[in-house]
Amino acid sequence: MGETILMKGNEAVAEAAIRGGCRFFFGYPITPQSEVPEYMSRRLHEVGGVFLQAESEVAAINMVYGASGAGARVMTSSSSPGISLKMEGISYIAAAELPCVIVNMVRGGPGLGTIQPAQSDYFQATKGGGHGDYHLIVFAPQSVQEMVDMTIEAFDVADKYRNPVMILADGLIGQMMEPVVFPDGEDRPNTEKPWATVGMGDRAERNIVTSMDLNAEAMEEINWRIQEKYDKITKEMLRYETLDTEDADLILVAYGSSARIALNAMSKARENGYKVGLVRPQTVWPFPYEVIKDLANQAKAFLTVEMSMGQLIEDVKLAAGETPVYHFGRCGGVIHSPAEVYEKIEEILNGGGAAK
Amino acid sequence: MGETILMKGNEAVAEAAIRGGCRFFFGYPITPQSEVPEYMSRRLHEVGGVFLQAESEVAAINMVYGASGAGARVMTSSSSPGISLKMEGISYIAAAELPCVIVNMVRGGPGLGTIQPAQSDYFQATKGGGHGDYHLIVFAPQSVQEMVDMTIEAFDVADKYRNPVMILADGLIGQMMEPVVFPDGEDRPNTEKPWATVGMGDRAERNIVTSMDLNAEAMEEINWRIQEKYDKITKEMLRYETLDTEDADLILVAYGSSARIALNAMSKARENGYKVGLVRPQTVWPFPYEVIKDLANQAKAFLTVEMSMGQLIEDVKLAAGETPVYHFGRCGGVIHSPAEVYEKIEEILNGGGAAK
Amino acid sequence: MTVVFDRPKSLRDVRTHYCPGCLHGVAHRLVAEVIDELGIREIGIGVSPVGCSVLAYNYINTDWQQAAHGRAPAVATGIKRVHPDKFVYTYQGDGDLASIGTAEIVHAAMRNEKISVIFINNGIYGMTGGQMAPTTQIGQKTTTSPFGRSAEHIGYPIRMTEMLAQLEGDNYLARGTLHNAAGIARAKRYIKKAFQYQLDNRGFSMVELISNCPTNWGMHPKESIEYIKEHQLKYYQLGEFKGGEEASK
Amino acid sequence: MTVVFDRPKSLRDVRTHYCPGCLHGVAHRLVAEVIDELGIREIGIGVSPVGCSVLAYNYINTDWQQAAHGRAPAVATGIKRVHPDKFVYTYQGDGDLASIGTAEIVHAAMRNEKISVIFINNGIYGMTGGQMAPTTQIGQKTTTSPFGRSAEHIGYPIRMTEMLAQLEGDNYLARGTLHNAAGIARAKRYIKKAFQYQLDNRGFSMVELISNCPTNWGMHPKESIEYIKEHQLKYYQLGEFKGGEEASK
Amino acid sequence: MAKVLFNEERCKGCELCTMVCPQKIIFMADRINKQGYHPATVEEMDKCTACATCARVCPDVVITVEK
Amino acid sequence: MAKVLFNEERCKGCELCTMVCPQKIIFMADRINKQGYHPATVEEMDKCTACATCARVCPDVVITVEK
Amino acid sequence: MTHEFIMAGFGGQGVMLMGQLMSYAGMFDGKHVSWMPSYGPEMRGGTANCSVVVSDQPVASPVVTEPTCAVVMNAPSLDKFAPTVVPGGCLLINSSLVTADPGRDDVKVFKVPANEIANELGNSRVANMVMLGAVAKATGAVPMERVEEALAKKMPARHKHLLDTNLEALRRGAACVE
Amino acid sequence: MTHEFIMAGFGGQGVMLMGQLMSYAGMFDGKHVSWMPSYGPEMRGGTANCSVVVSDQPVASPVVTEPTCAVVMNAPSLDKFAPTVVPGGCLLINSSLVTADPGRDDVKVFKVPANEIANELGNSRVANMVMLGAVAKATGAVPMERVEEALAKKMPARHKHLLDTNLEALRRGAACVE
Ligand SMILES: Cc1ncc(C[n+]2csc(CCOP(=O)(O)OP(=O)(O)O)c2C)c(N)n1
Ligand SMILES: Cc1ncc(C[n+]2csc(CCOP(=O)(O)OP(=O)(O)O)c2C)c(N)n1
Ligand code: SF4
Ligand code: SF4
Ligand code: SF4
Ligand code: SF4
Ligand code: SF4
Ligand code: SF4
Ligand SMILES: [Mg+2]
Ligand SMILES: [Mg+2]
């Protein structure tokens, strides 16, 4: 293990990408993630990769498509409005089964909104903001360290499943500095990609990267094949953490930045004798439905803490059965204070409030 | 009531828009909806409106933003990949609270996919494919006639709530001809819009159309205000149809094109003595959760019939509680045959199959 | 005593959020002066971009719409088509207009859309903290061209005005500068002609204005003026490229 | 007996989906011939657009990527940056390149991206059934300009090649035609130069080819040839606009 | 001797080759090919100069020219 | 008599006006305004010609000129 | 009773109009009807087809994949659609252009020399109307008067002078399948 | 114990670095730490601030809104942040540039003539280090040795020759609040 250093989330995710073997980055500036392309513009130069500032987010995601189809480990990064512009491209990448890593440092929306942290792109990330039935594998780191670990892994995962992977974080994790350790050793190697378009050479069959079949039945076949992959991913890639759930009456569900706040509020609640636990999805797709389903038999209620008007809560409700699910959201760039989350916990456990 | 005529769905939606008072259309060609702009290019000329073919879907949705902000009744139309490109713009329109009508004639995805009918943009339409917490009001017509009626109304609804309204249909409804009747009388009048940017004249306060507040607290305020509106819409705008649900053991849930097929299969099932009913959401946002919740007490199971790998089913599950929900999806442009839906019904009622 | 110079009426009397020495302020004032002189405040509808001038609506006293990044010409098109008798203008940065919004500006110009565009070329992305713009000079260091812009890597700076001047149709295209009093006076004449073009229902008009970004150029405002003279003005020729007397000479 | 003319090796021996008389077929053949002559089939990676030529990968025998509508230059950029030693080319229609893909082509050209672009200007959206393109002639009736394109409403046809020729840098830009044998021969020379430009690592190259769409022009193929002569070639000048000998004359 | 060979099943009957043959010897046959088109053909082959103009304008690479 | 008036609280101390005054009479004051900047000022007002060059280059419309 | 048609031929043979008139006739007859074109790139290459449903029931899907009746106006359409007709259904063939054997003995096959009849009527373009007459008669999906009504009402104004020829074409077609 | 700082001043005064060194010092001391800049357009106009948390607990939010300690290097920052300090917290003021009264009697106020001391040390740029020394001492958030360690380890190589001046600055600052 390397030295512990303080690093800004945005720079850490960029450095982690390099360690993950990423050698190509196509992006466009947007607050609060601009340090990602900025860092990449320096570092990729050093390691013999290519950083290119695209003319737009639309161009960037299509450059990613091209580079990935050509066999590269490649990344792009943006924040909410920029990610919306990438929706068509992401759908193409998912359909053509191309591996890549997409970072979304979410900010307050909708519209131009604010540049402060938010989690209101959860549906877009997990249900598919683009057209068609597709899924991204979505990691939701809660700290700079976790972002580093997940990002490094993301490139392997993307290659393994030939699927785009999203790192879903926000301005908070992107902008903050925290202690972080990078693993020792060489950067991860790129994977063999016999399907990549690298020129035919003396290969007999052409490699063709496409997201289309004009024949509906054939397109359905493609969908079924991809769907099988999704089933596999759902089994193999699910990540979550549970904390003090064993005896909990109330279980908080939170991911990313909000999980930090939730944990803090939970500690205070425990100190004050409330039996509170936490489920923290580390992947939000796949989502730990079964975990929540099991806990639903024991807990009296769930409380989702999210920087959104209510998105994560839908996934929790899908699993919670008859157990009530409460929602405490802040939005537009406002971060919960641990104190107000604690108050909400008290309120629920003292019988107040209405489940949403 | 006017004469009954046969009309193609795409042309009917365009004519209906004119009757709804729409005088501005900005769009870009894409199969299977190109007849919408084509029809508009002729008809808007006749009624003194403006048709403009934009350079792209991105430009089109931003022209809609401008025209709506300037007080017009305005529409755009596209199909799946084109709608994905509009995601940023739609989020802006929702955030700036601008009224407009957006048609999505869904085709098989993801990626370039096919041009055949599909319903795989359900999440995008109902949960927000763009960034941030926002909602469109989404009508889901099942016939050319219903598309006409809903489109005419959509313009009033959009103005009333200052919210974008989506007509969510597909290549099937867009391309088919069916008998249709247009209401007699004048086109609907445009609404008073004191907030529109029309030049200050001697107004004391400027009108400013924006989707931004750089202050997070202020942006949260905006979100709360919009959220209140959504609550209101949820109460006032919900539309659905139930058919033979009273005694049903199995309740089909389907919208749009799929509902036609489901109905046909259901008739056959009834003929054969199976107690099958149908819930048909006519708005998919707001969604008839309560209706399904009530029926969940009575029905043994639900079956969603959708041209997708499983999107509508999530909303049904959110309401179905412990009642199992089955899913029968086709995708990539393939339409269910009534016969296979019937078989699925039989299978479920005879105890086979696994709920998803 | 007579007032020789005072704040134009259409410029709202508030403090701007711009950095010290940022010439966005001068451009705003010129627009406001021309609006006053042409008496079009009442029929004016501005469209602000995403960029440092996103808040332009706080300063120029007309109705406004705030557009998505790069899409101001499309938004303005929407407005103008609804109100052909109103005066519609956009105010855009170079990231906004020459990068993400390339298609929108080219096609607004191709359609000869009757809108007026004020295009602030400061060779950088100001608002987001100094990333490279398509207009950035060769060798210029920015946060995303840390070794200086290299032509081999990413080509030469783009001259939007010259490019748009290739399009057919009766439109007005000029490039001015904001770095000194003479330039400012000339820039104002261009702006006035551009606005008049729209009022005369002729067609699309755009004035590119060479500007600065002391903050992200990493310079004192005074140095930024020198940088404009030494670099920007050598690459970006001033003058009227289409529709003006200078152009027709 | 010697073979005077035969199918080029890089053109796959399959029936195309194009309409009778559609000159996409000729363009494909020229590309394949040049690929054969330059011996670059093994290192070739094509990028097809969304448009009638979406299936170009069925015909030209290299590796391929199919790009989103308008984004072929961005996709090609991604590929080329990963494989600077491979030959990367796009094949795009005018809706694709001159409308939705305007920003991508302008910026690929600005960056002097070392890719080659074949740009088929048939003045219409073929695949989607004959809507207006930015290249459609004034007065030409299409399904979205049912009264004929009007300059007042939507401006004059766009000349992409001339526009891109304004950009700085060592790139190759030419316009040829496919409507007769002489034009075809000259077009082939342009294509060869363009491809050579990339192989020589010089820079961006694009050949615009005046083509037809008998189906959506509503004409017999023979009439479409006349239409090209009478309308297209009057508005779109043939020749090399940059980087060629003709241009440097 | 000059010879043009038509891969008739690929011919789409567009007639472009007929426009350009300097010898005016290409005409459309009465028969219909599998695709449903009247294919182009040459009867007075002896007049052919193997100039290959027809082949070069044919969008469907129907024609091979030998000499 | 020529006069320049500085709306000092608006001044951001950019010094652009000092560069252009043909009379070289504008300088930056020692004091700091509420925004935290040293504002521009003129002491030898009698030398001012009311040419308004300073006012025209000021990005913050700090300066009014009278005559 | 539900009649599901596929009507196919070259572009220009008027199969789309044929289908629309059948739908109109059904509508005038109080039936539920739908018409659906094949759309998209496969249109290219000059073939065209449409699906028509005429039914007592609301139409589920307008896309016909297993027609009760296929109408083929040219040879490629025979290859494509003859195999899809449901057993017991019927197949109408434009024998002027299609000589191949349909290879089905489980469906009723009607051969209609539509182009020849049209030529006899002095207007080669009414071959589609000849066929429509035959289809209506052969399937009984709609009474002939309704087809005539549809034709009269829906023929574009600029073709009104051809009404009689068209009506005659319908009758001659019907006569072929008697 | 959780220390939550806001450090604010003009751009160029080195408040960001001050915050980072405080975080490093905490880290070296085995604490949980975070540093967070204010970001975005409000940076414009030349003011800058950052939040620092040093705690025995994992850091919940790195965004400090109610600091236990505010460090104000210029006048506008006093106006903005003095009111936000929690009662009983502390407020360190760069008295070289800030003369106004903080208007709080429920917090500990320390006035540090940071610029003057820096000038005395012959380098006006070390005013931030003077302040950092004072902050460390006044709050006790981290032992002074850790701050020195942070400084020594994290000072950019090109500034290493200034290490002694900086260390001296820390000590002089600490001395101010004794
Ligand atoms: C879709 C989208 N992409 C990126 C951004 C982030 N962004 C905000 S302003 C800006 C660039 C501003 O630069 P410029 O247009 O040159 O204006 P300046 O600030 O220099 O005046 C960018 C990239 C955004 N808000 N939306
Ligand atoms: C994002 C998106 N918008 C629109 C379309 C629909 N579309 C397919 S091809 C095409 C235009 C093709 O025209 P052109 O590029 O001129 O090519 P041609 O067919 O004429 O060769 C369009 C608009 C699409 N597939 N994707
Ligand atoms: S960042 Fe640059 S462009 Fe923006 S206000 Fe500051 S100086 Fe002006
Ligand atoms: S539609 Fe036009 S461009 Fe497309 S294949 Fe047919 S003739 Fe060619
Ligand atoms: S080769 Fe020349 S002469 Fe012979 S058929 Fe072709 S065009 Fe005519
Ligand atoms: S040009 Fe080719 S396809 Fe056309 S008629 Fe002649 S041989 Fe046939
Ligand atoms: S008006 Fe002219 S002379 Fe007077 S201070 Fe300003 S620049 Fe100097
Ligand atoms: S130009 Fe204006 S803002 Fe700048 S120093 Fe002079 S008066 Fe102050
Ligand atoms: Mg700029
Ligand atoms: Mg075209």
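Here is what the cut-offs are and how they apply
Residues numbered from 1 in each chain as written. Chains lettered and ligands numbered in written order. Predicted model: local features only at pLDDT ≥ 70, side-chain atom pairs only at ≥ 80, totals over all residues. Heavy atoms only, no water. Helix = DSSP H or I, 4+ residues; strand = E, 2+ residues; numbered from the N terminus. Buried < 20%, exposed > 50% of the residue type's maximum accessible area, 1.4 Å probe, protein only. Contact = heavy atoms within 4.5 Å. Lys, Arg positive; Asp, Glu negative; His and termini not counted. Charge placed at Lys NZ, Arg CZ, Asp CG, Glu CD. Axes fitted to C-alpha atoms, helices over the stretch in contact; angles between N-to-C directions. Parallel < 35°, antiparallel > 145°, perpendicular 65-115°, else oblique. Left-handed = near helix turned anticlockwise from the far one by under 90°. Nonpolar A, V, L, I, M, F, W, Y, C, P; charged D, E, K, R; others polar. Polar contact = N/O pair within 3.5 Å; in protein donor to acceptor, adjacent residues only side chain to side chain. Donors = N, O, S within 2.8 Å, 3.2 Å for Na, K, Ca; no water. Buried area = accessible area lost by both parts, 1.4 Å probe. Salt bridge = Lys/Arg side-chain N within 4 Å of Asp/Glu carboxyl O. Near = heavy atom within 4 Å. Phe/Tyr/Trp six-rings, centres within 6.5 Å; stacked < 30°, edge-to-face > 60°. Lys NZ or Arg CZ within 6 Å of the ring centre and 35° of its normal. Least-squares fit on C-alpha atoms with pLDDT ≥ 70 in both. Pairing = 2+ DSSP bridges.

**Here we look at the overall build of chain E**
Working step 1: Of regular secondary structure, chain E possesses two helices and four strands.
Working step 2: N-terminal to C-terminal, the α/β element order of chain E is β-α-β-β-α-β.
Working step 3: Dimensions of chain E, computed from C-alpha atoms along their principal axes, come out at roughly 30 × 20 × 20 Å.
Working step 4: In chain E, buried positions account for 60% of the 67 residues.
Working step 5: Partitioning the intrachain contacts of chain E with sequence separation of at least 6 by distance along the chain shows that 58% fall at a separation of at least 24.
Working step 6: Counting 9 positive and 9 negative side-chain charges, chain E places the centres of these two groups 6 Å from one another.

**Considering the packing of helix α3 (residues 57–69) of chain B against helix α5 (residues 87–95) of chain B**
All names here are of chain B.
Working step 1: The geometry of α3 relative to α5 is characterised by a closest axis approach of 8 Å and an angle of 15 degrees between their N-to-C directions. Of the possible angle classes, the one that applies to α3 and α5 is roughly parallel. Considering how the two elements wind past one another, α3 and α5 form a crossing that is left-handed. Seen from α3, the contacting residues are Ile61, Val64 and Tyr65; seen from α5, they are Gly89, Ile90, Tyr92 and Ile93.
Working step 2: Here the residues of the contact of α3 with α5 sort into six nonpolar, one polar and no charged.

**Quick look at the side chain of Arg104(G)**
Residues and elements named next belong to chain G.
Working step 1: Following the sequence through the fold, arginine 104 ends up in the loop between β5 (90–94) and β6 (108–112).
Working step 2: On the basis of relative accessibility, which here comes to 16%, the residue arginine 104 falls in the buried class.
Working step 3: For arginine 104, the side chain forms a polar contact with the main-chain oxygen of valine 85, separated by 2.7 Å.
Working step 4: Contact partners of arginine 104, with chain neighbours within four places excluded, come to Ala82, Pro83, Thr84, Val85, Val86, Pro87 and Val109.

**Observations regarding the coordination of the magnesium ion (ligand 9)**
Residues and elements named next belong to chain C.
Working step 1: Summarising the metal site, the magnesium ion (ligand 9) is bound by the protein donors Asp94 (OD), Asn122 (OD1) and Ile124 (O), whose distances to it range over 2.1 Å.
Working step 2: Taken in chain order, the donor set of the magnesium ion (ligand 9) reads D-x27-N-x1-I. In this pair, aspartate 94 sits in helix α3 (residues 94–100) while isoleucine 124 sits in strand β6 (residues 124–125), placing the two residues 30 residues apart along the sequence.
Working step 3: Judged by relative accessible area, isoleucine 124 falls into the buried class, the value being 1%.

**Brief notes about the interface of chain D and chain B**
Accessible area lost upon the coming together of the parts serves often as the stated size of an interface.
Working step 1: The partner chain B presents 20 residues to the 19 residues of chain D that form the contact.
Working step 2: Here chain D meets chain B over a buried area of about 1400 Å², counting both sides, of which 62% is carbon and sulfur.
Working step 3: Run the count over chain D and chain B and you get zero salt bridges.
Working step 4: Inspection of the chain D/chain B interface yields ten residue pairs in polar contact (both at pLDDT 80 or more).
Working step 5: Counting residues per element, the side of chain D that touches chain B draws most heavily on helix α3 (residues 94–100) of chain D, which supplies three residues.
Working step 6: Here the residues of the side of chain D that touches chain B are counted per class, giving eight nonpolar, ten polar and one charged.

**What about the pattern of salt bridges?**
Working step 1: Taken as a whole, this structure holds 114 salt bridges over all chains when the rule is applied.
Working step 2: For Asp60(F), the salt bridge goes to Lys12(F), with nearest N and O atoms at 2.8 Å. Of the two residues, Asp60(F) sits in the loop between α2 (53–57) and β4 (63–66) while Lys12(F) sits in the loop between β1 (3–6) and α1 (16–20), which places them 48 residues apart along the sequence.
Working step 3: Glu149(H) is the salt-bridge partner of Lys153(H), the closest N and O atoms lying 2.9 Å from each other. On the criterion of helical spacing, the pair formed by Lys153(H) and Glu149(H) is a turn pair, its members being four residues apart in helix α5 (residues 144–154).
Working step 4: With relative accessibility at 47%, the residue Lys153(H) sits in the partly exposed group.
Working step 5: On the accessibility criterion, Glu149(H) (23% relative accessible area) is partly exposed.
Working step 6: When salt bridges that share partners are traced, they join Arg73(A), Asp156(A), Asp159(A), Arg188(A) and Lys193(A) into one network.

**Quick notes on the site of ligand 5**
Working step 1: Surveying the vicinity of ligand 5 reveals the residues Val4(E), Cys21(E), Pro22(E), Gln23(E), Ile25(E), Ile26(E), Cys48(E), Thr49(E), Ala50(E), Cys51(E), Ala52(E) and Cys54(E).
Working step 2: Classifying every residue of the shell around ligand 5 by side-chain character gives ten nonpolar, two polar and no charged.

**Describing the packing of aromatic side chains**
Working step 1: One pass over the full model with this rule turns up 34 aromatic pairs over all chains.
Working step 2: A ring pair is formed by Phe25(B) and Phe51(B), whose centres lie 5.9 Å apart and whose planes are at 15 degrees; its orientation type is stacked. With Phe25(B) in strand β2 (residues 24–27) and Phe51(B) in strand β3 (residues 50–53), this residue pair connects regions lying 26 residues apart in the sequence.
Working step 3: Between Tyr28(B) and Tyr125(D), the aromatic rings sit 5.6 Å apart at their centres with planes inclined by 75 degrees, giving edge-to-face as the arrangement. Of this pair, Tyr28(B) sits in the loop between β2 and α2 (35–46) while Tyr125(D) sits in strand β6 (residues 124–125), on two different chains. As far as the burial class goes, Tyr28(B) and Tyr125(D) line up, both buried.
Working step 4: Here the guanidinium or amino end of Arg159(C) rests over the ring plane of Tyr235(C), the centre of that ring lying 3.8 Å away.

**A look at the relation of the copies chain B and chain A**
Superposition of the two copies of the chain requires a rotation about an axis together with a shift along that axis.
Working step 1: After a rotation of 180 degrees and a shift along the axis of 0.0 Å, chain B superposes on chain A with an RMSD of 0.0 Å. Considering both components of the superposition, the chain copies are consistent with a two-fold axis. Using C-alpha coordinates, one finds that chain B approaches the rotation axis most closely at Gly129(B), a distance of 1.8 Å.
Working step 2: A high fraction, 100%, of the interface residues of chain B reappear at the interface in chain A, so the copies pair face to face through one surface.

**Concerning the sheet that holds strand β1 (residues 3–5) of chain D**
Working step 1: Here we have three strands laid out as an open sheet, ordered β1(D)-β4(E)-β1(E), and antiparallel in their pairing. Bordering the open sheet on either side are β1 of chain D together with β1 (3–6) of chain E, each of which pairs with just one other strand. Adjacent strand axes in the sheet meet at a mean angle of 30 degrees, parallel and antiparallel pairs treated alike.
Working step 2: Where β1(D) lies against strand β4 (residues 63–66) of chain E, two bridges are found, and the strand directions are antiparallel. When the bridges of β4(E) are listed, Phe5(D) appears paired with Val65(E).

Limitation: the analysis is restricted to geometry and does not speak to function.
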